[in-house]
Amino acid sequence: MTASLTLDAIACHRGGRMLFENLSLSLAAGEAAVLRGSNGAGKSSLLRLVAGLLRPAAGAVRSEGRIALADDALALDAELPLKRALNFWAGIDGGKVEGALDAMTLAPLADVPVRMLSTGQRKRATLARVIASGAGVWLLDEPANGLDVAALDGLGQAMASHRAAGGIV
């Protein structure tokens with residue numbers, strides 16, 4: 001897997017105010033970054049900007065490899081069984097879905113409609129969607145919210161594996 005991410009002097013203007021400006025960052029294959037800041041500081045906006053869902057007010061975002069975002073949007077068809085809903089994001093590679101279900105301990109729920117999942121299961125399904133996507137760059141917005149200790153361990157292992165394979169988190 002080949003992945004890289006470069007933010008070059010980017011700025012984000014939202015809701016009539018400047019959230020941040022002149023922000024630069026470079027991540028190569030296998031690297032990770034953690035965003036910290038108070039509520040409303042622009043962490044989620046930065047991730048949405050990197051994902052291409054927002055345009056920077058200034059600067060440029062360059063990346064190599066596909067990007068997958070896990071935020072509070074489930075982005076799975078609620079009427080489908082979980083495994084079928086994840087297949088949309090994995091394309092033709094069903095092995096990715098099996099691996100993602102295993103990584104997030106969701107295999108026993110593969111045939112359960114997405115709408116029937118609990119809050120924690122939905123969060124794990126969102127993370128499984130990112131894992132199944134095969135994207136080189138994972139953008140995880142508050143990934144620990146709603147996860148129990150076992151799920152946090154699974155997420156940590158998935159991130160470590162992704163980085164070891166040359167991905168970015």
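Residues numbered from 1 in each chain as written. Predicted model: local features only at pLDDT ≥ 70, side-chain atom pairs only at ≥ 80, totals over all residues. Heavy atoms only, no water.

Visitor: Mind showing me how you'd approach the overall build of the protein chain here?
Guide: Looking only at helices and strands, the protein chain features five helices and five strands. Counting from the amino terminus, the protein chain carries its helices and strands in the arrangement β-β-α-β-β-α-α-α-β-α. With the principal axes as the frame, the protein chain shows a C-alpha extent of 45 × 35 × 30 Å. The buried share of the protein chain, taken over its 169 residues, is 38%. Here the analysis covers contacts within the protein chain between residues at least 6 apart in sequence; of these, 64% occur between residues at least 24 apart. (Helix = DSSP H or I, 4+ residues; strand = E, 2+ residues; numbered from the N terminus. Buried < 20%, exposed > 50% of the residue type's maximum accessible area, 1.4 Å probe, protein only. Contact = heavy atoms within 4.5 Å.)

Visitor: Explain helix H5 (residues 149–164) to me, please; I cannot follow it from the model alone.
Guide: In an α-helix, one turn spans 3.6 residues, which is why side chains three or four residues apart end up on the same side. Here H5 contains 16 residues, and its C-alpha end-to-end distance of 23 Å stays within 8% of the 22 Å for a straight helix at 1.5 Å per residue. Restricting attention to buried positions, one finds in H5 the residues Ala151, Gly154, Leu155, Ala158 and His162. In a view along the axis of H5, the buried residues occupy a sector of 100 degrees, so they form one face of it. Along H5, exposed side chains directed more than 90 degrees from the buried face belong to Val149, Ala150 and Ala164. Between the side-chain oxygen of the N-cap and the backbone nitrogen of Ala150 there are 3.3 Å, and the N-cap of H5 in question is Asp148. Of the residues trailing H5, Gly166 is marked for its positive phi of about 100 degrees. (Expected span 1.5 Å × (residues − 1). Arc of directions from axis to C-beta. Polar contact = N/O pair within 3.5 Å; in protein donor to acceptor, adjacent residues only side chain to side chain.)

Visitor: For this particular structure, what's the right way to read the pairing of strand E1 (residues 4–14)?
Guide: Side-chain positions along a regular strand alternate between the two faces of the sheet. Two strands pair when backbone bridges link them, and E1 and strand E3 (residues 58–64) are joined in this way by six bridges, in the antiparallel orientation. Residue pairing for E3: Asp8 is matched across the bridge by Ala60. Sheet topology note: the E1/strand E2 (residues 17–27) ladder contains seven bridges and is antiparallel. Note on E2: the bridge partner recorded for Leu5 is Leu27. Between the antiparallel neighbours E1 and E2 lie two residues, among them Gly15 with a positive phi of about 60 degrees. (Pairing = 2+ DSSP bridges.)

Visitor: Which parts of the structure should I look at to understand the layout of surface pockets?
Guide: Over the atoms rolls a probe the size of a water molecule, and its path tells where empty space is left. Estimates place the volume of the largest pocket at around 640 Å³. Around the largest pocket, the lining comprises 31 residues; the ones closest to its centre are Ala33, Val34, Leu35, Leu47 and Leu140. Sorting the residues of the lining of the largest pocket by element identifies E1, E2, helix H1 (43–51), strand E5 (137–140) and H5 as the ones contributing at least two each. Here the residues of the lining of the largest pocket are counted per class, giving 23 nonpolar, four polar and four charged. Considering only enclosed or pocket space, the second largest pocket measures out at about 270 Å³ in volume. In terms of lining, the second largest pocket is formed by 14 residues, of which the most central are Ile67, Ala68, Leu69, Trp89 and Arg129. (1 Å grid on protein atoms, 1.4 Å probe; cavity = no way out; pocket = protein on both sides within 12 Å on 5 of 7 lines; lining within 4 Å. Points joined across faces, edges and corners; volume = space filled by probe spheres on them. Nonpolar A, V, L, I, M, F, W, Y, C, P; charged D, E, K, R; others polar.)

Visitor: Even after reading the chapter, I still don't get the side chain of Thr126, so can you show me in this structure?
Guide: Relative to the assigned elements, Thr126 resides in helix H4 (residues 119–133). Setting aside chain neighbours within four positions, we find Thr126 in contact with Ala70, Asp71, Ala73 and Leu74.

Visitor: I tried to follow unusual backbone geometry on my own but got confused; where do I start?
Guide: Both trends apply: most residues other than glycine have a negative phi, and most peptide bonds are in trans. Of note in this structure, Ala75 is not a glycine but carries a positive phi near 60 degrees. The residue Ala75 is located in the loop between strand E4 (67–70) and helix H2 (82–90) in this model. Given the relative accessible area of 40%, Ala75 is considered partly exposed. Although it is not a glycine, Thr105 adopts a positive phi angle of roughly 45 degrees.

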